[in-house]
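Overview (structure and organization)
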Amino acid sequence: MNTSAIRSALAALAFGCALLLPVAVQARGYTPQGLCGVYARLDIGSPAGTCVALLADEAQGLRAPRRILEVAPGRYWVVDMGSWEPRRGRLLEMVLPTEGPAPRRARLSVLAEQLDRPLGLVAGPDGKIYVGESGAVWRTPIPSSPGGALQRETVIDGLPGDGTHPLKELAFGPDGRLYVNVGSDSDACRDASSKQYPLPCPDLAGPKPRAAVYEAVLAGPDHKLQSFKPFATGLRNSVALTVLPDGPARGTVLQGENSIDYEDVGQPPEELNRLQAGRDYGWPYCVGNRQPARGYENRPGCKATEAPLMLWPAHAAPLQMITGPAGSRFAGQLLVAWRGHQPPGHRVVGYRLDARGLPSGKPVEWLAGWSPKPGVRPMGRPTGITVDRQGRLLAVEDFNRTILMLLPDTGAALQK
């Protein structure tokens, strides 16, 4: 090996070690409060008999984690968007420690770099993991050992990656169909100076509208793309998107709408929508329960759009939804990460599924009481959630750069 090759190898090794070894940096604004299991305990509200553990933070190299998924027993993949700048994202693998003194920290390694504002992270019916970047969706088999090389294969490309909402959330239905968020170009069909675009809104025009959820049909032994077309429209930004996997409403596509950004504290409400093929859900002309949006008061037609299944608090900002897996304490619930900075936000909640198999009633608060507390914790910023094979809820925060886990409280004494 020549000198330059040796230098390159040493640099790569140093970079990898930098991710694995902790440095003297804490998660943004958090001060540990004793132990939660073998991890540092954070002062975040959770049900009686539980505690919230800090698994990793910027000391392990996190920049802006947005999604987490257990891809194999004890192996978790993390989408780290990096920033809103293109090509700063990474796909990471996390492994939990099995030995060492408490508080322990998870180990992270880099699987892929220079991803373009990645978000979606789901397991497909073919056993591969699908990743949604701003302009494309790709998949890869899971390497046999942690940190192994990926075999990336593009599934869908040419997706719009500009504008206000470039992130692509992904959700598979039980029939193998893949649903993809294609968010709107703007907040309310207005330009940078808040001037309203001519009607009809350009985002909704043509055969490839934005502000829509698309349906991809994959077929054959290689799960090749057969078609990709709009499924439902009038949806500002569907980063909270899931399909019910079983029960009476099996196959139902649910969308948590991040509504138009009024400055009012209580308006407009966020929406939980039950998506149906070919239906219009109102953006940018309608908000809430089919009410005219500001600037569109004289435009008729809101009553012809689909009504929401449920209204959620204004500015709650639903950023991911999943269904609790059977056999876990979250079974029979729709779990939602609310990132919003106003009072109803910054929490993880669950809605119980009713006799129809649909979410209803009041939310169960799994992670709450997450308002800022100087010297103890920052405001919560949950962006992604999952439940692992052991039935444990994990959450990631982008701004606070953390990976958290809800664990049984073993009674470890708190440091006052």
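Residues numbered from 1 in each chain as written. Predicted model: local features only at pLDDT ≥ 70, side-chain atom pairs only at ≥ 80, totals over all residues. Heavy atoms only, no water.

Right, let's get into the side chain of Ser-328. If you trace the backbone, Ser-328 turns up in the loop between strand 22 (318–323) and strand 23 (333–338). Since its relative accessible area comes to 14%, Ser-328 is described here as buried. At a separation of 2.8 Å, a polar atom in the side chain of Ser-328 contacts the main-chain carbonyl oxygen of Pro-325. Aside from chain neighbours lying at most four places away, what touches Ser-328 is Val-387 and Gly-391. (Helix = DSSP H or I, 4+ residues; strand = E, 2+ residues; numbered from the N terminus. Buried < 20%, exposed > 50% of the residue type's maximum accessible area, 1.4 Å probe, protein only. Polar contact = N/O pair within 3.5 Å; in protein donor to acceptor, adjacent residues only side chain to side chain. Contact = heavy atoms within 4.5 Å.)

Before going further, it helps to spend a moment on the sheet that holds strand 24 (residues 347–352). With respect to topology, four strands assemble into an open sheet ordered 22-23-24-25, the strand pairing being antiparallel. Taken across any chain shown, the strands that pair with only one partner, and hence form the sheet edges, are strand 22 and strand 25 (364–367). Neighbour-to-neighbour, the strand axes of this sheet turn through a mean angle of 25°, independent of strand direction. Pairing of strand 22 with strand 23 involves five bridges; the strand directions are antiparallel. Looking across to strand 23, one finds that Met-321 is bridged to Val-336. (Pairing = 2+ DSSP bridges. Axes fitted to C-alpha atoms, helices over the stretch in contact; angles between N-to-C directions.)

Turning our attention to the state of the cysteines. One way to say it: the disulfide is the covalent bond shared by the sulfur atoms of two cysteines. A complete count under the given rule lists three disulfides for this structure. At a sulfur-sulfur separation of 2.1 Å, the disulfide partner of Cys-36 is Cys-51. Across the S-S bond linking Cys-36 and Cys-51, the dihedral sits near 85°, which makes this disulfide right-handed. Residue Cys-36 is found in strand 1 (residues 35–36), and its partner Cys-51 is found in strand 3 (residues 50–56); the two are separated by 15 residues along the sequence. (Disulfide = S-S within 2.5 Å.)

This part takes up the confidence of the model for the protein chain. Per-residue confidence for the protein chain gives a mean pLDDT of 92, with 92% of residues at or over 70. With pLDDT under 50 throughout, residues 1–25 is counted as low confidence; its partners more than four residues away or in other chains account for 18 contacts. Contacts from residues 412–416, a stretch scored under 50 in pLDDT, to residues over four places away or in other chains number nine contacts. (pLDDT = per-residue confidence, 0-100.)

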